[in-house]
Amino acid sequence: MGWNSWNMFGWKVHEENIRSAADALVSTGLKDLGYEYVVIDDCWSIKEGRDNNGNLVPDPEKFPSGMKALTEYVHSKGLKIGIYSDAAEKTCAGYPGSYGHEERDAELWASWGFDFLKYDYCNAPWDQATAIDRYTRMGHALKKTGRDILYSLCEWGGRNPHLWGRDAGGAMWRVSPDLFDSWIDVCIQPENGPAWTAIGVDTSLDIAARVSEYGGPGGWNDLDMLVIGLKGKGQIEGAGLSPAEYRTHMSIWSIACSPLMIGCDLTAMDTDTRKILLNKECVRVNQDSLGIPGKRVLQRNSCDFWTKPLEDGSTAAAIVNRGSQSTLCKIAAGDLGLLDKKKQVYDIWAESPAGDFGEEYSCSIEAHETKFFIIR
Ligand code: GLA
């Protein structure tokens, strides 16, 4: 759990954004809930290349205090800090990457005090064998530093990292293309280069369902950084989601055990955004100690049904209405794989008890809304 600079600040990232994100994690209570890593994404170094010793150089205009001072600041808040690179000569935004420099770069990040690496895959060969090789090289280099650096793989799922990410040393791996601040997919046509499709939350739901069984303690399916609270602002495209859609986004990331990396400006969150990101039960479902990612157990009419067993014997259940009309949903215990009948329902988003489950539980679900329950 944490925050990443990309969605909001993109290539303009500056040390002030990092410091104020760290401050805000503490002052808003997000840190107390477990949001811990502050991650600097792409565009932190000088674009021209390495110094005479072959080291990456932080951009002095963006990071005038230097990386050591920044990691010390973030650590002084009781938080951890992450950095970014790419398994090729250049990152996605065209800055120097780490291919062929793995040990040197890992040592540099460790000497600065970084605790996390997001390792991207732009400009690298497309095949799976090369990806496994390049990610494993960096995995070894990070281990060799002797510092505990959480390794986050970002090749967007195309080479099935859920099958080999753990062996490469990864603790999380992206399973999907970039998520935009949108319910539906967005096609991007760069000025120079091929068109590509960024996905919306609706597509993420199917990807999450496809890979759910491969996540678990020590290795998590990463559905990408949260777009909650961006509301159309920031680096990434998309016009923004409705509050109900943002809640659906958080519900599925939570039940699927995806890392929760916030992407909005933490210093300017409105009430809706705070309520979503700071929902205790939602985070509790995500962080439950069993670490069993929820599964999509049923699709009926416009609704997807997800369940996840929790450590205290209760079950988290998310019912997502993906349709564009509201619907009255009747849920039988068997739909959720529940064996005994009398169960108490707690509504996570209403933050209140919501009656007994009984033989059949009825609820009305708005278009693109999710009812997120804990059934005890
Ligand atoms: C890729 C990644 C994003 C972000 C950008 C930075 O698109 O998937 O998460 O890191 O690169 O350029």
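Described in the following lines is the structure provided in the data block. Every value quoted in this text rests on a predicted model; they were computed, and no experiment measured them.

### Side note on the state of the cysteines
In step 1: Summed over all chains, the structure comprises one disulfide.
In step 2: In this model C92 forms its disulfide with C122; the gap between the sulfur atoms is 2.0 Å. Because the torsion about its S-S bond is 95°, the bridge between C92 and C122 counts as right-handed. Taken together, the residues span a long stretch of sequence, with C92 in the loop between strand 3 (80-86) and helix 5 (102-112) and C122 in the loop between strand 4 (116-120) and helix 6 (128-144) at a distance of 30 residues.
In step 3: Note on C92: relative accessible area 37%, which makes it partly exposed.
In step 4: Judged by its relative accessible area of 18%, C122 is buried.
In step 5: Between C187, a free cysteine, and C122, which holds the nearest cysteine sulfur, the sulfur-to-sulfur gap is 16 Å.
In step 6: Classification of C187 as exposed rests on a relative accessible area of 59%.
In step 7: Looking at the unpaired C303, the closest cysteine sulfur is the one in C329, lying at 4.4 Å.

### Brief notes about the sheet that holds strand 6 (residues 172-174)
Pairing between the strands of a sheet is mediated by backbone hydrogen bonds and can be parallel or antiparallel.
In step 1: Overall, parallel pairing links the eight strands, which are arranged 9-6-5-4-3-2-1-10 in an open sheet. On the outer flanks of this sheet lie strand 9 (220-222) and strand 10 (261-262), each paired with one strand and no other.
In step 2: The sheet contact formed by strand 6 and strand 9 spans three bridges and is parallel. Following the sheet pairing, M172 is matched in strand 9 by W220.

### Topic: the pattern of salt bridges
In step 1: The final tally for this structure, using the stated rule, is 23 salt bridges.
In step 2: Here E72 and K68 are joined by a salt bridge, their closest N and O atoms 3.5 Å apart. With E72 and K68 both in helix 4 (residues 67-76) and four residues apart, this pair spans about one turn of that helix.
In step 3: By relative accessible area, which is 41% here, K68 ends up partly exposed.
In step 4: A salt bridge links E369 to K371, with the shortest nitrogen-to-oxygen separation between them at 3.8 Å.
In step 5: According to the relative accessible area criterion, E369 is buried, its value standing at 11%.
In step 6: With relative accessibility at 17%, the residue K371 sits in the buried group.
In step 7: A network of salt bridges, in which partner residues are shared, links D202, D206, R296, D304 and R322.

Procedures and definitions
- Residues numbered from 1 in each chain as written.
- Predicted model: local features only at pLDDT ≥ 70, side-chain atom pairs only at ≥ 80, totals over all residues.
- Heavy atoms only, no water.
- Disulfide = S-S within 2.5 Å.
- Helix = DSSP H or I, 4+ residues; strand = E, 2+ residues; numbered from the N terminus.
- Buried < 20%, exposed > 50% of the residue type's maximum accessible area, 1.4 Å probe, protein only.
- Pairing = 2+ DSSP bridges.
- Salt bridge = Lys/Arg side-chain N within 4 Å of Asp/Glu carboxyl O.

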